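# Topology and contacts: notes
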Amino acid sequence: MQDLLTLNRMESGVVKFNLEVFDLRALLAEVIEELEQKAEKRDVLIRFYVDKNQSFFTKADREKIFRVCQNLISNAIKYNHEGGEVEVSLKAQKNRLHVSVKDNGKGIPAEDLKRIFERFYRVEKSRNREAGGTGLGLAIVKHILEGHKSKISVSSTVGKGSLFSFSLPAAEVKSGAKALSL
Ligand SMILES: Nc1ncnc2c1ncn2[C@@H]1O[C@H](COP(=O)(O)OP(=O)(O)OP(=O)(O)O)[C@@H](O)[C@H]1O
Ligand SMILES: [Mg+2]
């Protein structure tokens, strides 16, 4: 219910984007930590690939990007199989920071792929009834990224898994701030 309200408010343009400079690596670590329990329950292993020596500051709406990462990683756990894996990776390339979330779960049939970002769209309504989603997560993800002039990409193979990715601008870090990014 909350999700639908959020989405409606975003679509009507009422929701403001509050841009701030923050460490995307720290944000991802936080999201992963929060979802670790959920993953353990499903015997899914989350790996986080990131270059320790690099800075990953971006300028974006931190709270909303948190939501994006939460939705993507939570899907990767939910639509995985017992003993599955989720690979979250963060890379810097030119002036962009690239985030990808890869799972080796059930995958998404090609004919559904272009529709999963629509509100309430769920692949095989009955297949994941126990998971109990409403089909709003990816619609919210898409909307938030569009608000950042970015977009979500997906590729998937049934039986092999899915890969979702997006990028955000790399932010200039003023001297001093870097020391905080340990
Ligand atoms: N990583 C994934 N692997 C396989 N299928 C996926 C994956 N991510 C999303 N899907 C499919 O896309 C549909 C839409 O995803 P979305 O996150 O929008 O909704 P949801 O997870 O069902 O519900 P909600 O996120 O609102 O709790 C899902 O129901 C699922 O069928
Ligand atoms: Mg979801």
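Structure: above.
Residues numbered from 1 in each chain as written. Chains lettered and ligands numbered in written order. Predicted model: local features only at pLDDT ≥ 70, side-chain atom pairs only at ≥ 80, totals over all residues. Heavy atoms only, no water.

### Here we look at the overall build of the protein
When its secondary structure is counted, the protein shows 5 helices and 7 strands. Mapped from its N terminus to its C terminus, the protein presents α and β elements in the order α-β-α-β-β-α-β-β-α-α-β-β. Computed over C-alpha atoms, the radius of gyration of the protein comes to 16 Å, within 12% of the 16 Å expected from 2.2 N^0.38 for 182 residues, which places it in the range of a compact globule. For the C-alpha atoms alone, the extent of the protein along its principal axes is close to 55 × 40 × 25 Å. Excluding contacts between residues fewer than 6 apart, the proportion of contacts in the protein whose partners are at least 24 apart in sequence is 74%. When the accessible surface of the protein is summed, it comes to about 10500 Å², and 50% of that surface belongs to carbon and sulfur atoms. Within the protein, one finds 31 positive and 24 negative side-chain charges whose respective centroids are separated by 5 Å. (Helix = DSSP H or I, 4+ residues; strand = E, 2+ residues; numbered from the N terminus. Rg over C-alpha atoms; globule rule 2.2 N^0.38 Å. Contact = heavy atoms within 4.5 Å. Areas by Shrake-Rupley, 256 points an atom, 1.4 Å probe, with all protein chains shown as cover. Lys, Arg positive; Asp, Glu negative; His and termini not counted. Charge placed at Lys NZ, Arg CZ, Asp CG, Glu CD.)

### What about the side chain of Thr-58?
Considering the arrangement of structural elements, one finds Thr-58 in strand S3 (residues 57-60). In terms of polar contacts, Thr-58 uses its side chain to reach the backbone carbonyl oxygen of Pro-169, at 2.5 Å. Once residues within four sequence positions are removed from consideration, Thr-58 is found in contact with Glu-20, Val-21, Phe-22, Leu-24, Leu-97, Leu-168, Pro-169 and Ala-171. (Polar contact = N/O pair within 3.5 Å; in protein donor to acceptor, adjacent residues only side chain to side chain.)

### Overview of unusual backbone geometry
Residue Asp-43 is not a glycine yet carries a positive backbone phi of 55 degrees. You can see Asp-43 is positioned in the loop between helix H2 (24-41) and strand S2 (45-50). One non-glycine residue with positive phi stands out, namely Lys-94, at about 50 degrees. Here Lys-94 is to be found in the loop between strand S4 (85-93) and strand S5 (96-103).

### So, the layout of surface pockets
Of the pockets and cavities examined, the largest pocket occupies roughly 490 Å³. Looking at the largest pocket, it is lined by 26 residues, and the ones nearest its centre are Asn-75, Lys-78, Tyr-79, Gly-137 and Leu-138. Elements with a contribution of two residues or more to the lining of the largest pocket: helix H3 (62-78), helix H5 (137-147) and strand S7 (161-169). By residue number, the principal contributor to the lining of the largest pocket is H3, which donates 6 residues. (1 Å grid on protein atoms, 1.4 Å probe; cavity = no way out; pocket = protein on both sides within 12 Å on 5 of 7 lines; lining within 4 Å. Points joined across faces, edges and corners; volume = space filled by probe spheres on them.)

### A look at the side chain of Asn-71
Summarising the element assignment, Asn-71 is placed in helix H3. Of the residues examined, Asn-71 reaches a relative accessible area of 18% and is grouped as buried. Dropping the residues within four chain positions of it, Asn-71 is found in contact with Gly-137, Ile-140 and Val-141. (Buried < 20%, exposed > 50% of the residue type's maximum accessible area, 1.4 Å probe, protein only.)

### Focus: the nonpolar core
Within the largest apolar cluster, 48 residues are counted, with the highest numbers of intra-cluster contacts made by Leu-24, Ile-65, Leu-72, Ile-73, Ile-116 and Phe-166. Of all the secondary-structure elements, those providing two or more residues to this core are helix H1 (2-11), H2, S2, H3, S4, S5, H5 and S7. Counting residues per element, this core draws most heavily on H3, which supplies 8 residues. Every residue in contact with Ile-65, bar those within four places of it in the chain, is listed here: Phe-22, Leu-24, Leu-27, Ala-60, Ile-144, Leu-145, His-148 and Leu-168. (Core = buried A, V, L, I, M, F, W, Y, C linked by side-chain atoms within 4.5 Å.)

### A short note on the site of ligand 1
If you check the shell around ligand 1, you find 21 residues, and the closest are Asn-75, Tyr-79, Asp-103, Arg-122 and Leu-138. Within the contact set of ligand 1, an oxygen atom lies 3.1 Å away from a side-chain nitrogen or oxygen of Lys-78. Here a nitrogen atom of ligand 1 sits 2.9 Å away from a polar atom, N or O, in the side chain of Asp-103. Taken atom by atom, the bulk of ligand 1 overlaps the largest pocket. Listed by contribution, the elements that provide at least two residues to the shell around ligand 1 are H3, H5 and S7. The dominant element in the shell around ligand 1, judged by the number of residues it contributes, is H3, at 3 residues. A per-class count over the shell around ligand 1 returns 9 nonpolar, 8 polar and 4 charged. (Near = heavy atom within 4 Å. Sits in = over half its atoms within 2 Å of the grid points. Nonpolar A, V, L, I, M, F, W, Y, C, P; charged D, E, K, R; others polar.)

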